[in-house]
Amino acid sequence: MTRPVLVYDGDCGICTKAVRLVGDTAPSGRRWPRVPADAEVIPFQHADLAALGTTAERAEHEVLWVEDGRVHGGAQAVARLLMRAGGFWRPLGLLTRVPPFRWAAHGLYRLIANNCHRLPGGTPAWALPAAERPGAR
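Below is a short write-up of the structure. (Residues numbered from 1 in each chain as written. Predicted model: local features only at pLDDT ≥ 70, side-chain atom pairs only at ≥ 80, totals over all residues. Heavy atoms only, no water.)

### Remarks on unusual backbone geometry
1) Next: The amide bond that connects P99 to the next residue, P100, takes the cis arrangement and shows omega of 0°.
2) Next: Residue placement: P100 occurs in the loop between α5 (89–95) and α6 (101–115).
3) Next: The phi dihedral of D68 falls on the positive side, at around 50°, and the residue is not glycine.
4) Next: Looking at where D68 falls in the secondary structure, it is placed in the loop between β3 (64–67) and β4 (70–73). (Helix = DSSP H or I, 4+ residues; strand = E, 2+ residues; numbered from the N terminus.)

Written as structure tokens, this is what we have:
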């Protein structure tokens, strides 16, 4: 089993805040799921995407969970994170993988992802079209 990797958009304010909630920088004692200790969390701008088996285009489109050579994106990446977090979160992650909950999770994820540029907290680069952002390929 390889070390899982959570890949997110480091220029997206929503993504960055979500990673802080589940990552090591969050205050202890809260009820948010934790990224498993064996997982790596990295913005796609600093990741070797080819080695992870994905592309910048996909990483710009959705959060990714890479584990055992498989790449899960969007709501299914979040479901995998919840399952690995364990405890109360594991059943929620499992539920998010089956229809009709899978469809609802996908719709909610796309709604947020498609509109996150309208939400506060992004970096100045986030305001640019994806092709014009620093490091764009």
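Here the narrative resumes, following the displayed structure.
### Some remarks on the sheet that holds β3
1) Next: Ordered by their spatial adjacency, four strands build an open sheet running β2-β1-β3-β4, and the pairing between neighbours is mixed. In the strand order of this sheet, the two ends are held by β2 (40–43) and β4, each with one partner. On average, each strand axis in the sheet is inclined to that of its neighbour by 20°, with strand direction left out of account. (Pairing = 2+ DSSP bridges. Axes fitted to C-alpha atoms, helices over the stretch in contact; angles between N-to-C directions.)

### A look at the pattern of salt bridges
1) Next: Tallying each qualifying case throughout the model produces two salt bridges.
2) Next: Between E67 and R84 there is a salt bridge, with the nearest N and O atoms lying 2.3 Å from each other. Here R84 lies in helix α4 (residues 75–85) and E67 lies in strand β3, a separation of 17 residues in the sequence.
3) Next: Classification of E67 as buried rests on a relative accessible area of 11%. (Salt bridge = Lys/Arg side-chain N within 4 Å of Asp/Glu carboxyl O. Buried < 20%, exposed > 50% of the residue type's maximum accessible area, 1.4 Å probe, protein only.)

### Let's talk about the nonpolar core
1) Next: In terms of nonpolar packing, the biggest core is built from 13 residues, with L6, V35, V63, W65 and L81 touching the most fellow members.
2) Next: Only β1 (5–8), α1 (13–22), α4 and α6 provide two or more residues apiece to this core.
3) Next: Considering every element that reaches this core, the biggest residue donor is α4, with three residues.
4) Next: Non-local contacts of V63, meaning those with residues more than four positions away in its chain, are made with L6, V7, Y8, H72, G73, G74, A77, V78 and Y109.
5) Next: Membership of the second largest hydrophobic core comes to 12 residues, among which are I42, A47, L49 and A59. (Core = buried A, V, L, I, M, F, W, Y, C linked by side-chain atoms within 4.5 Å. Contact = heavy atoms within 4.5 Å.)

### Here's the deal with α6
1) Next: Its 15 residues give α6 an end-to-end C-alpha distance of 21 Å, which sits within 8% of 21 Å, the value for a rise of 1.5 Å per residue.
2) Next: Taken together, the buried positions of α6 are A105, Y109 and R110. Looking straight down α6, one finds that the buried residues subtend no more than 130° of arc, so they occupy a single side. Opposite the buried face of α6, by more than 90 degrees, sit the exposed residues W103, L108 and L111.
3) Next: Of the surrounding secondary structure, the elements contacted by the buried residues of α6 are α3 (56–61) and α4. (Expected span 1.5 Å × (residues − 1). Arc of directions from axis to C-beta.)

### Observations concerning a nonpolar patch on the surface
1) Next: On the surface, I14, L108, L111, I112 and L119 cluster together into a nonpolar patch covering about 430 Å² of accessible area.
2) Next: No other element matches the three residues that α6 contributes to the nonpolar patch.
3) Next: Positionally, L119 belongs in the segment after α6. (Patch = residues over 30% accessible without salt bridge, like charges linked within 9 Å, V, L, I, M, F, W, Y side chains within 5 Å. Areas by Shrake-Rupley, 256 points an atom, 1.4 Å probe, with all protein chains shown as cover.)

### Points about the environment of H61
1) Next: Turning to its location among the elements, H61 is positioned in helix α3.
2) Next: Separated by 52 residues in sequence, H61 and D9 have C-alpha atoms that sit 8.8 Å apart.
3) Next: Residues in contact with H61, not counting those within four places in the same chain, are R110 and A113.

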